[in-house]
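# Examination of the molecular architecture
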Amino acid sequence: MLSKQEKQQIEAKVHHYPNKRALSLEALKIVQEHRGWVTDEGIADVAEALQLRPAELEGVATFYNMIFRKPVGKHVILLCDSVSCWIMGYERLREHLTTRLGVGLGETSVDQQFTLLPNVCLGACDHAPVMMIDNAHYQDLDAGKIDEILAMYRQQDIERADGNTTDQ
Amino acid sequence: METPLTNNISPGKEPADLRQYENAGGYAAVRKALRLAPAEVMAIVEESNLRGRGGAGFPTAKKWSFVPMGDDAPRPKYLICNADEMEPGTFKDRLLLEGDPHQLIEGMIISAYTVQADVAYIFLRWAYKLAAERLESALAEAYRQGYLGKNILGSEYSLELHLHVSAGRYICGEETALLNALEGKRANPRAKPPYPQVSGLWGKPTVVNSVETLCNVPHIVNRGAAWFKNLSRSADGGTKLYGVSGRVKKPGLWELPMGTPIREILEEHAGGMQGGYRFRGLLPGGASTNFVVADQLDVAMDFDSMQVAGSRLGTGAMIILDDKTCPVGMLLNLEHFFAQESCGWCTPCWSGLSWIEQILQGLEEGSGQSSDLERLQSHARLLGPGHTFCALAPGAAEPLQSGLKHFGDDFHRHIREKRCPWR
């Protein structure tokens, strides 16, 4: 079942469209935001809410690359592999990231912290090579800068985890 | 030199809020347009010779003119801003979206009024998070101030404008695929005709314009067609956002007169090649344009001149190939992109592009043969215009066929040496 919050967020967008089907992607994104990825149950929940057949919604969900139908780590790294970034050193960065994280493209690190995905042009080609982590853009990258960024995320996660323990 | 599109934009700073935008002359064009009949606004835009900045260069007023008008027209009518910028090497709409969201909203209100649209959408790519935030806040301001909603500024005209954030895939930028995406379906392109102006979103009359096109509209209405034409160095009116990426000294984005020559953009604005790198060629307007080489650099970057030179203006975002980068590897990267982003709907596209990628992979790895070059050439022909539902495959064929022509020796070296000489 959709949570109360998921339902509210989906309903807030209803007035944008003349029918429920048009809410498919918005609803899938909302469910993904709350659950980390779109499970089979997530498909069933959204299909029911929008009065669509689950198989029909599945066909939509699997078309779009930002709807995750497999589990992802806590953070999703989107490394641009389009032409400007490729010219400016994408392959070296990919090697560096796969070594640092111990994963290939499309995989999640053992500690479940990072999923590494290749992505098409992120629209910052004058600052290539670039990547996104979750909602943030990082540009003019090199190996050193990537290490700093990964360390920053790991540090933040540790601090957040510590904070949670203290709260309890 | 005037730069109307970027006048209000200071990169790295917050965009103008509604008050600041109004103080800089913003929304005056909406007031002016609402006092004119839609046909009169259309006439100004037609006279300005504004051509679509999404890449195809179709005259904007002509595109609008196919929308059914009058009391008998099917309702609601729609206007959509295509802000799904994903053409490799292109980063211009992002500046306009993040830097001056009210300029786009104002352009959309006037354009929607001209075709008498009832509802408008901004179809934004998911990766542009900052743009989404800024557009949401600008839209809220515009609604509060009465520029959007019922009876805009006390006139008879009403418009609802919504932001729709997409969920990825390059094909969504194709205008009929975009319509399916917006309807919540798989983004497969639709057959044309019928054209969207007649039967578009939910089967209703729909106009799809690009961000840069729409941003030009308020300035044309404010300052007039003659002023707009004078901004340009060629027959096409206005300025153009030109970008350069690759091994140049100062990669970047500049608003310059339409028709500025390639060499001037490369040398005066992008600072020429970086030390130790030599120029070999460039894609002038994103991934789906033909290569331009050294003896073509004096061509003016406008729609007609680029076509005469055997390429296209496209998005005006140049990608530079240098001598330390393998042209075969670059083509492999480009064709991998197109093969991956094919929506899978028509066979020549999904099958042909995968073949091309596989052949290029073989060449790059040293297992290529001379017959591969003929096969690539025949694929490039088969993917040309007229064989597929949409322009994705013909776009993929452009760098391939021109790459084979200009960098033939490099292909032969891969075959002869059984390896990539750059690795």
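Residues numbered from 1 in each chain as written. Chains lettered and ligands numbered in written order. Predicted model: local features only at pLDDT ≥ 70, side-chain atom pairs only at ≥ 80, totals over all residues. Heavy atoms only, no water.

The name an unreviewed UniProt entry gives chain B is NADH-quinone oxidoreductase subunit F, with Nitrosospira briensis as the organism. One UniProt comment on chain B, placed under Sequence similarities (unreviewed entry), says "Belongs to the complex I 51 kDa subunit family." As recorded by UniProt, the Catalytic activity (unreviewed entry) comment attached to chain B reads in full: "a quinone + NADH + 5 H(+)(in) = a quinol + NAD(+) + 4 H(+)(out)". (UniProt positions renumbered as here; feature names shortened; annotations may be inferred.)

An unreviewed UniProt entry annotates chain A as NADH-quinone oxidoreductase subunit E originating from Nitrosospira briensis. The UniProt entry for chain A carries this comment under Sequence similarities (unreviewed entry): "Belongs to the complex I 24 kDa subunit family."

What follows concerns the UniProt feature "binding site: [2Fe-2S] cluster" (unreviewed entry) in chain A. All names here are of chain A. Following the UniProt record, the feature "binding site: [2Fe-2S] cluster" (unreviewed entry) maps to Cys80, Cys85, Cys121 and Cys125 here. Of the residues just listed, which span 46 residues, no C-alpha pair is farther apart than 9.7 Å, and they cluster in one region. Of the annotated set named above, Cys80, Cys85, Cys121 and Cys125 line the second largest cavity. With respect to the element layout, Cys85 can be found in helix H5 (residues 83–87). When sequence neighbours within four positions are dropped, the list of residues in contact with Cys85 reads Cys80, Tyr90, Ala128, Pro129 and Val130. If you trace the backbone, Cys125 turns up in the loop between strand S3 (114–119) and strand S4 (131–133). (1 Å grid on protein atoms, 1.4 Å probe; cavity = no way out; pocket = protein on both sides within 12 Å on 5 of 7 lines; lining within 4 Å. Helix = DSSP H or I, 4+ residues; strand = E, 2+ residues; numbered from the N terminus. Contact = heavy atoms within 4.5 Å.)

Next up on the list: the packing of helix H13 (residues 327–341) of chain B against helix H16 (residues 392–406) of chain B. Residue and element names in this part refer to chain B. Running from amino to carboxyl end, H13 crosses H16 at an angle of 165 degrees, the nearest separation of the two axes being 10 Å. Comparing their axes, H16 and H13 come out roughly antiparallel. Handedness of the crossing formed by H13 with H16: left-handed. Here H13 contributes Leu331, Leu334, Glu335, Phe338 and Glu341 to the contact with H16, which in turn contributes Leu392, Gly395, Ala396, Pro399, Leu400 and Gly403. Across the contact of H13 with H16, the residue classes break down as seven nonpolar, two polar and two charged. (Axes fitted to C-alpha atoms, helices over the stretch in contact; angles between N-to-C directions. Parallel < 35°, antiparallel > 145°, perpendicular 65-115°, else oblique. Left-handed = near helix turned anticlockwise from the far one by under 90°. Nonpolar A, V, L, I, M, F, W, Y, C, P; charged D, E, K, R; others polar.)

Taken residue by residue, the interface counts 56 residues in chain B and 40 residues in chain A. Interface area, chain B with chain A, both sides summed: about 3,800 Å², of which 58% is carbon and sulfur. Counting across the chain B and chain A interface gives one salt bridge. The element contributing the most residues to the side of chain B that touches chain A is H13(B), with eight residues. Residues of the side of chain B that touches chain A, tallied by class, amount to 26 nonpolar, 17 polar and 13 charged. (Buried area = accessible area lost by both parts, 1.4 Å probe. Salt bridge = Lys/Arg side-chain N within 4 Å of Asp/Glu carboxyl O.)

Our focus in this paragraph is the domain arrangement of chain B. All names here are of chain B. Entries for chain B in the domain assignment read domain 1 (18–230), domain 2 (239–322) and domain 3 (327–417). A separation of 27 Å is found between the C-alpha centroids of domain 1 and domain 2. With 17 residues of domain 1 at the contact, the number on the domain 2 side is 20 residues. Counting each side, the surface lost to burial between domain 1 and domain 2 is near 1,400 Å², with a carbon and sulfur contribution of 60%. Across the contact surface, domain 1 and domain 2 share two salt bridges. With a shortest N-O distance of 2.8 Å, Lys240 and Glu212 are connected by a salt bridge. Linking domain 1 with domain 2 are eight residue pairs in polar contact (both at pLDDT 80 or more), by the criterion used here. Its residues assigned to classes, the side of domain 1 that touches domain 2 shows six nonpolar, six polar and five charged. (Domains from an automatic or database assignment. Polar contact = N/O pair within 3.5 Å; in protein donor to acceptor, adjacent residues only side chain to side chain.)

This brings us to the packing of aromatic side chains. What the rule picks out here adds up to 16 aromatic pairs over all chains. With a centroid separation of 3.9 Å and an interplanar angle of 10 degrees, the aromatic rings of Tyr27(B) and Tyr147(B) are classed as stacked. In this pair, Tyr27(B) is assigned in the loop between helix H1 (18–23) and helix H2 (28–35) and Tyr147(B) in the loop between helix H7 (129–144) and strand S3 (160–165), connecting sequence segments 120 residues apart. Ring centres 5.2 Å apart and planes at 80 degrees place the aromatic pair Tyr113(B) and Tyr157(B) in the edge-to-face group. In this pair, Tyr113(B) is assigned in helix H6 (residues 101–114) and Tyr157(B) in the loop between H7 and S3, connecting sequence segments 44 residues apart. Taking the relative accessible area as the measure of exposure, Tyr113(B) reaches 9% and is therefore buried. An aromatic cluster is present here, built from Tyr17(A), Tyr78(B), Tyr121(B) and Trp202(B) joined pairwise through their rings. Over the ring of Phe63(A) we find Arg169(B); its NZ or CZ atom is 4.6 Å from the centre of that ring. Between the NZ or CZ atom of Lys324(B) and the centre of the ring of Tyr277(B), over which it lies, the distance is 5.2 Å. (Phe/Tyr/Trp six-rings, centres within 6.5 Å; stacked < 30°, edge-to-face > 60°. Buried < 20%, exposed > 50% of the residue type's maximum accessible area, 1.4 Å probe, protein only. Lys NZ or Arg CZ within 6 Å of the ring centre and 35° of its normal.)

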